[in-house]
Amino acid sequence: MGLIYTLRVLIKSFLVVLLWPKCEGRESEFNYVTCGSLVKLLNTRHNVRLHSHDVKYGSGSGQQSVTGVESADDANSYWRIRGKPNGTCQRGVPIQCDQAIRITHMTTGRNLHTHHFSSPLSNNQEVSAFGENGEGDDLDVWRVQCDGSIWERDEAVRFKHVGTDAFLSVTGEQYGNPIRGQREVHAMGTANQNNYWKAMEGVFILPSQEPLRHNHEEL
């Protein structure tokens, strides 16, 4: 099911895509994170990328776990930026600061999610991946908090959960087996240095009407 969802996402990306930072040409137009893009998100305090995999929590909700990994090369760290349910998020349009979005795991098609279960290591708020084929519930919605009017790709931003007002965070706790060395990702009510994230590697949907191809590796 996850593979089918991934293929469908890529096929639907009929607009030209760009792998950043190896871009050429009209680079000034591509300084923003856009709707429909696939990105890896780096926690700037702990230098780990937001990650998920088909491994369930052994406690709490029992839903698919979300962690942080140091590797920059893991394909399970790609997330698709989407609009909120029944909202407007036109492909290729830059994401506005304070816009409500969903962040969908590319490989499994589940949405970044939080709720009032306790996280297994720090006892903060558990963060999971939830839903099927990109559809979950109203606890999948996050607001992008940034300084200007648009989410810039070189800017560190926060993600504030709409349903619980908690921030997506990492504070450094590490798991043992079967995901040894991966960091706990959780949500916490305090805005601090642990909840800054930056868009890193990715495939960005271009807001361009004319074909513009760039060399990139296939996901």
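What this report covers is the structure whose coordinates are included nearby. (Residues numbered from 1 in each chain as written. Predicted model: local features only at pLDDT ≥ 70, side-chain atom pairs only at ≥ 80, totals over all residues. Heavy atoms only, no water.)

## Some thoughts on the side chain of Lys40
Working step 1: Structurally, the position occupied by Lys40 is in strand β2 (residues 38-43).
Working step 2: At 4.9 Å, Glu201 is the nearest oppositely charged side chain to Lys40, a buried residue that forms no salt bridge.
Working step 3: A distance of 2.6 Å separates a polar side-chain atom of Lys40 from the backbone oxygen of Ala72.
Working step 4: Residues within four places of Lys40 in sequence aside, it is in contact with Arg49, Ala72, Asp73, Asp74, Ser77, Tyr78, Lys198, Ala199, Met200 and Glu201. (Helix = DSSP H or I, 4+ residues; strand = E, 2+ residues; numbered from the N terminus. Buried < 20%, exposed > 50% of the residue type's maximum accessible area, 1.4 Å probe, protein only. Lys, Arg positive; Asp, Glu negative; His and termini not counted. Salt bridge = Lys/Arg side-chain N within 4 Å of Asp/Glu carboxyl O. Polar contact = N/O pair within 3.5 Å; in protein donor to acceptor, adjacent residues only side chain to side chain. Contact = heavy atoms within 4.5 Å.)

## As for the state of the cysteines
Working step 1: By the definition in use, this model includes two disulfides.
Working step 2: Residue pairing for Cys35: its cysteine sulfur links by disulfide to Cys89, the two sulfurs lying 1.9 Å apart. Note on the Cys35 and Cys89 pair: the S-S dihedral is about 135°, so by sign convention the disulfide is right-handed. Here the residue Cys35 occupies a position in the loop between β1 (17-20) and β2, and Cys89 occupies one in the loop between β5 (79-83) and β6 (100-105), the gap between them amounting to 54 residues.
Working step 3: Judged by relative accessible area, Cys35 falls into the buried class, the value being 4%.
Working step 4: Taking relative accessible area as the criterion, Cys89 reaches 18% and is therefore assigned buried.
Working step 5: The disulfide bridge from Cys97 ends at Cys146, spanning 1.9 Å between sulfur atoms. Disulfide Cys97-Cys146: the torsion about the S-S bond is -120°, which places it as left-handed. Note that Cys97 is positioned in the loop between β5 and β6 and Cys146 in the loop between β9 (142-145) and β10 (156-161), a separation of 49 residues in sequence. (Disulfide = S-S within 2.5 Å.)

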